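Here's the letter readout for the chains.
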Amino acid sequence: MLCTPALAADKPSLAIYGALPNIEEVKISPDGAKLAVIATDGDQRFLSIRQVGGGVLKGIIVGSTKLRGVEWAGPNHLLLITSRTTEVFGLQGPAREYMMATDYNIATGKQTPLLKDQPDAMNVIISWPMVRMIDNEAVVFVEGVHFVEQRGRDMLYRINLDKRATRMLDFGAQEDTDGWLVDAAGAPVAQSLYDERNGRWSLKIKTNGAWRKVDEAVTPMGSYGLSGFGRDGQSILIWRTDEENNDLLREYRLDGGHQDLPKDVSLSGLIHDPDTLALLGGYKLSGDDLHYTFFDPKAQKTWNMVAKAFGDDRVSLASWSRDRRKVVVLVDSKTDGPDYALVDLDARKAEFLGSVYRGVNADTISPVRSIKYKAADGLEISGYLTLPKGRDPRNLPLIVLPHGGPEGRDEPGFNWWSQASASRGYAVLRPNFRGSEGFGWDFVKAGFGEWGKKMQTDLSDGVRDLARQGVVDPKRVCIVGASYGGYAALAGATLDRGVYRCAVSVAGPSDLKKMLQTVRDAHNGDMSATQRYWLRFMGADGIKDPDLIAISPAKLAAKIDIPVLLIHGKDDTVVRYDQSQAMADALKKAGKPVEFVTLDGEDHWLSRGATRLKMLTEVIAFVERNNPPD
């Protein structure tokens, strides 16, 4: 009897990794009695309201709607935050991703848009709603677009959810207003303004009924915005930088004075009390370790107890009740994947709520290593190496999977894309190349002007280091990425040739001048913070700089000598669909083979189940054809 090779059917289904997560979010109600759970069947979304320790109370079929999150407003109202890619009548420019908020009244089951029927306003919101409990009534403050003389302004609205009363709260908005802050009593107390053209931020505080400017700064890369309230629940908190571009948290008193939090308080995310609004602490990823810091020693001790209950697993705060005695956590296990759990501190017990990914377990997770290596110029690069489960880590085929941003970073923990690739027999390298955040300002600054240059060779230096160790076969390497990672894939085929056997770009830029032109057109021809941000990494003086051609893969298509796959969502408003179209046209004109997959109705973030899975399936099939794992 002949033995046949293992069939693809013997490998885990790609749907385990590529479909939408089984559970996307869990939020506990302020009174700790109910849970709001965003779940999916891998494609369609569902929202359920569950009784803590009991069954389902209510349910909504969300379907294909892009539900970005939920927020409790008291015990009886749940805000649903959604987004949609669309063009708006009367507004110039291409389609944009607009965010909307709906009040779901749990008692009646009725859903009502927050800014329904407001005169001279769009039914969209600009930032996450601010919830306040005033006289035991749920009141929401939301930033919306109000038109004044046919020009949209960031205006503040007050919505009493119980009485269904909505009104415009403050007429202090100026054309440059980009953020508001409302105190616990429901009064607007701070306003952030940003002059996009001149790159200047300013802060206004309202005292004695009048707005006055208390600070300003030149911030060409974008507004500082508002970060909530300080430790006393009254001072205005701003996340800003000092003269050396180090991050700091500054508290502005209502009289205009200020003080900075101690420099040893290093946070990347903030946690506020939902009632007093005071800053309680925050969290930061230091290396591979996620640290939570609370100013109150008792709160710190409580959190340490919660985290300790799950051993060596990585624990992060998802939500908690008003009294912080019931805590929902996301528990990421190296062997079993991420799960949601509810910790009841009074009962001293933890309850499993469900797995984030259905089918992910010890049998379908491949091991991940933290690694470090030296770039050609000596700079230390860190990253993560996923190794295919059950295979000897010697002479393996490799997929390089650079992150987006470029000022993003890869993190430890479960990564669905790299795990899917490893399930097919590939090692996967996720490097934090220079310019990545989370490793200090000098490391970010090392990426300036290195778009397509040292940011690119940091990737191939990782390949060479793994090959030197004998872990991977340098002749069997492909590069795959999305967003900036998609650009890096195309740059690997054009600017850093001889390293990769194939390249896959998902929503990656290809013509940098054209991308910058699109950004400029969206700002009516003016210079914007977004454009300045890109130019800093690209190392170009402006949109007409000829150096942009030298790092634009669409202009270098004739150099490509490896197979290329392009995938792009038709509704992408971050990197427009025409970037992949331009690359496809350039490859065809140069007589080079190219595959181009369009994801209808998909945005930049792969928000839809069917198209996300289609992307993963197409990528794996392409890599297996051009760089077989066996």
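In this report, the structure presented in the accompanying data block is examined.

The secondary structure content of the protein chain amounts to eleven helices and 35 strands. The C-alpha radius of gyration computed for the protein chain amounts to 25 Å, which stays within 12% of the reference 25 Å derived for 630 residues, consistent with globular compactness. Seen along its three principal axes, the alpha-carbon backbone of the protein chain occupies a region of about 75 × 60 × 45 Å. When burial is assessed residue by residue, the protein chain has 54% of its 630 residues classed as buried. Accessible surface for the protein chain amounts to roughly 27600 Å². Of this, 49% is attributable to carbon and sulfur atoms. Here the protein chain carries 79 positive and 83 negative side-chain charges, and the mean point of each set is 2 Å from the other.

Pairing is antiparallel across the open sheet formed by three strands, whose spatial order is β18-β19-β20. What marks the edges here is a single partner per strand, and that holds for β18 (236-241) and β20 (258-260). When the angles between neighbouring strand axes are averaged without regard to direction, this sheet yields 30°. Looking at chain direction, β18 and strand β19 (residues 247-252) are connected through six bridges and run antiparallel. Note on β19: the bridge partner recorded for L237 is E251.

Applying the stated criterion to the full structure yields 32 salt bridges. The salt bridge partner of E25 is K27, with a shortest N-O separation of 3.5 Å. Accessibility expressed as a relative area gives 17% for E25, which makes it buried. Classification of K27 by relative accessible area gives buried; the value is 15%.

Our focus in this paragraph is the packing of aromatic side chains. For the coordinates displayed, the defined rule picks out 18 aromatic pairs. With 6.0 Å between their ring centres and 40° between their planes, F294 and W320 make a pair best called tilted. Taken together, the positions of F294 in strand β23 (residues 289-294) and W320 in strand β24 (residues 314-320) put the pair 26 residues apart, joining distant regions of the chain. When the ring centre of W320 is taken as origin, the NZ or CZ atom of R324, which lies over that ring, is 5.5 Å away. One Lys or Arg, K570, reaches over the ring of Y577 and ends 5.2 Å from the middle of that ring.

Turning next to the side chain of E602. Counting through the fold element by element, E602 comes out in the loop between β35 (595-599) and α11 (609-626). Lacking a salt bridge, the buried E602 has R608 as its closest oppositely charged neighbour, with an N-O distance of 5.3 Å. A polar side-chain atom of E602 sits 2.4 Å from a polar atom in the side chain of T611.

What follows covers the state of the cysteines. This model, assessed by the stated rule, comprises one disulfide. In this model, C478 is linked to C502 through a disulfide, with the two sulfur atoms separated by 2.0 Å. The S-S bond linking C478 to C502 shows a torsion near 115°; that makes this disulfide right-handed. Of this pair, C478 sits in strand β32 (residues 472-482) while C502 is found in strand β33 (residues 502-506), placing the two residues 24 residues apart along the sequence. The class for C478 is buried, based on a relative accessible area of 0%. Among the residues examined, C502 registers a relative accessible area of 0% and is labelled buried.

On to empty space enclosed by the protein, then. This model, assessed by the stated rule, comprises one cavity of 30 Å³ or more. As a volume, the largest cavity reaches approximately 70 Å³. Taken together, 13 residues make up the lining of the largest cavity; nearest its centre are V506, A507, D603, H604 and L606. By residue number, the principal contributor to the lining of the largest cavity is strand β34 (residues 564-569), which donates three residues.

Across a regular strand the side chains alternate sides, sitting on one face of the sheet and then on the other. Strand direction decides the pairing type here: strand β28 (residues 368-374) and strand β29 (residues 380-386), joined by seven bridges, are antiparallel. Of the residues in β29, the one forming a bridge with S370 is Y384.

Reading across the sheet, the four strands line up as β14-β15-β16-β17 and stay open at both edges, with antiparallel pairing between neighbours. Since the sheet does not close on itself, it has two edges, and those belong to β14 (177-182) and β17 (210-218), each with one partner. Neighbour-to-neighbour, the strand axes of the sheet open up by a mean angle of 20°, direction not taken into account. When strand β15 (residues 188-195) meets strand β16 (residues 200-207), the two strands line up antiparallel, connected through six bridges. Each residue of the ladder has a partner; that of L193, found in β16, is S202.

Before going further, it helps to spend a moment on unusual backbone geometry. Following G405, the chain continues into P406 via a peptide bond in cis, with omega recorded as 5°. With respect to the helices and strands, the residue P406 is situated in the loop between β30 (396-400) and α3 (416-422). Of note in this structure, S483 is not a glycine but carries a positive phi near 60°. Relative to the assigned elements, S483 resides in the loop between β32 and α6 (484-494).

Here we come to the nonpolar core. Soluble globular proteins tend to bury their nonpolar side chains together. L398, W451, Y500 and M538 are the most contacted members of the largest nonpolar core, which has 56 residues in total. No other element matches the seven residues that α6 contributes to this core. When neighbours within four sequence positions are excluded, M538 is seen to be in contact with G449, W451, K453, L512, M515, L516, L548 and I551. Counting residues in each nonpolar core, the second largest holds 41 residues, with I16, I365, W416 and V506 among its members.

The next thing to look at is helix α5 (residues 454-469). The terminal C-alpha atoms of α5 lie 22 Å apart, and with 16 residues this matches the ideal 22 Å at 1.5 Å per residue to within 8%. Within α5, the full set of buried residues consists of M455, Q456, D458, L459, S460, D461, G462, V463, D465 and L466. Phi turns positive, to about 85°, at G470, one or two residues after α5.

Looking now at the environment of M168. For M168, the location among the structural elements is in strand β13 (residues 165-170). When sequence neighbours within four positions are dropped, the list of residues in contact with M168 reads H146, M155, L156 and Y157.

Attention shifts here to the packing of helix α7 (residues 512-522) against helix α8 (residues 529-538). Two quantities define a packed helix pair, namely the angle between the axes and the distance from one axis to the other. Orientation of α7 relative to α8, taken along the N-to-C sense of each, is 160°, at an axis distance of 9 Å. The orientation of α7 with respect to α8, classified from their angle, is roughly antiparallel. The way α7 lies across α8 gives a crossing that is left-handed. In this structure, α7 uses L512, M515, L516, V519 and R520 to contact α8, whose residues at the interface are T530, Q531, W534, L535 and M538. For the contact of α7 with α8, the per-class residue count stands at seven nonpolar, two polar and one charged.

Scoring rules and cut-offs
All residue numbers here refer to positions counted from 1 along the written sequence of the relevant chain. Only residues with pLDDT of 70 or above have their local features reported here, since the model is predicted, and side-chain atom pairs are shown and tallied only from 80 upward, although totals for entire chains, interfaces and linings are computed over all residues. To get the side-chain values, take all heavy atoms of the structure and skip hydrogens and water. Working definition: helices are DSSP H or I runs of at least four residues, strands are E runs of at least two. Numbering for both runs from the N terminus. Radius of gyration: C-alpha atoms only; globule rule: 2.2 Å multiplied by the number of residues to the exponent 0.38. The buried label applies to any residue whose accessible area, calculated with a 1.4 Å probe on protein chains only, is under 20% of its type's maximum; exposed applies above 50%, and partly exposed to all values in between. Here the accessible surface of atoms and residues is derived via Shrake-Rupley with a 1.4 Å probe, and residues count as covered only by protein chains that are part of the display. His is not counted, nor are the chain ends; Lys and Arg add positive charge and Asp and Glu add negative charge. Charged side chains are reduced to one point each, which is NZ for Lys, CZ for Arg, CG for Asp and CD for Glu. At least two bridges found by DSSP between two strands is the condition for calling them paired. Here, axes are lines fitted to C-alpha atoms. For helices the fit covers the stretch in contact, and angles between N-to-C directions go from 0 to 180 degrees. Salt bridges are counted wherever a side-chain nitrogen of Lys or Arg sits within 4 Å of a carboxyl oxygen of Asp or Glu. Aromatic rings from Phe, Tyr and Trp, taking only the six-membered ring of Trp, are treated as a pair when their centres fall within 6.5 Å; an angle between ring planes under 30 degrees marks them as stacked, one over 60 as edge-to-face, and anything in between as tilted. Working rule: Lys NZ or Arg CZ, within 6 Å of ring centre, within 35 degrees of ring normal, means a charge sits over the ring. The term polar contact refers here to a pair of N or O atoms within 3.5 Å; inside protein, the definition further demands a hydrogen-donor-capable atom paired with an acceptor-capable atom, and it admits residues adjacent in sequence only when both atoms are side-chain atoms. Cysteine sulfur atoms are paired as a disulfide whenever they come within 2.5 Å of each other. Using a grid of 1 Å spacing that covers the protein atoms alone, one calls a set of points a cavity when a 1.4 Å probe fits there but cannot get out, and a pocket when the set is open and has protein on both sides within 12 Å along at least five of seven lines; lining residues are those with an atom within 4 Å of a point. Grid points are joined across faces, edges and corners, and a volume is the space filled by probe spheres set on the points. Remark: nonpolar core denotes a set of buried residues (Ala, Val, Leu, Ile, Met, Phe, Trp, Tyr, Cys) joined through side-chain atoms within 4.5 Å. Here, two residues are considered to be in contact whenever any of their heavy atoms come within 4.5 Å of each other. For a helix, the expected span equals 1.5 Å multiplied by the number of residues minus one. Note on angle classes: values under 35 degrees are labelled roughly parallel, values over 145 roughly antiparallel, values of 65 to 115 roughly perpendicular, and the remainder oblique. Crossing handedness: left-handed means the near helix sits turned counterclockwise from the far one by under a right angle, and right-handed means the same turn made clockwise. Residues are sorted three ways: Asp, Glu, Lys and Arg are charged, Ala, Val, Leu, Ile, Met, Phe, Trp, Tyr, Cys and Pro are nonpolar, and all the rest, Gly among them, are polar.

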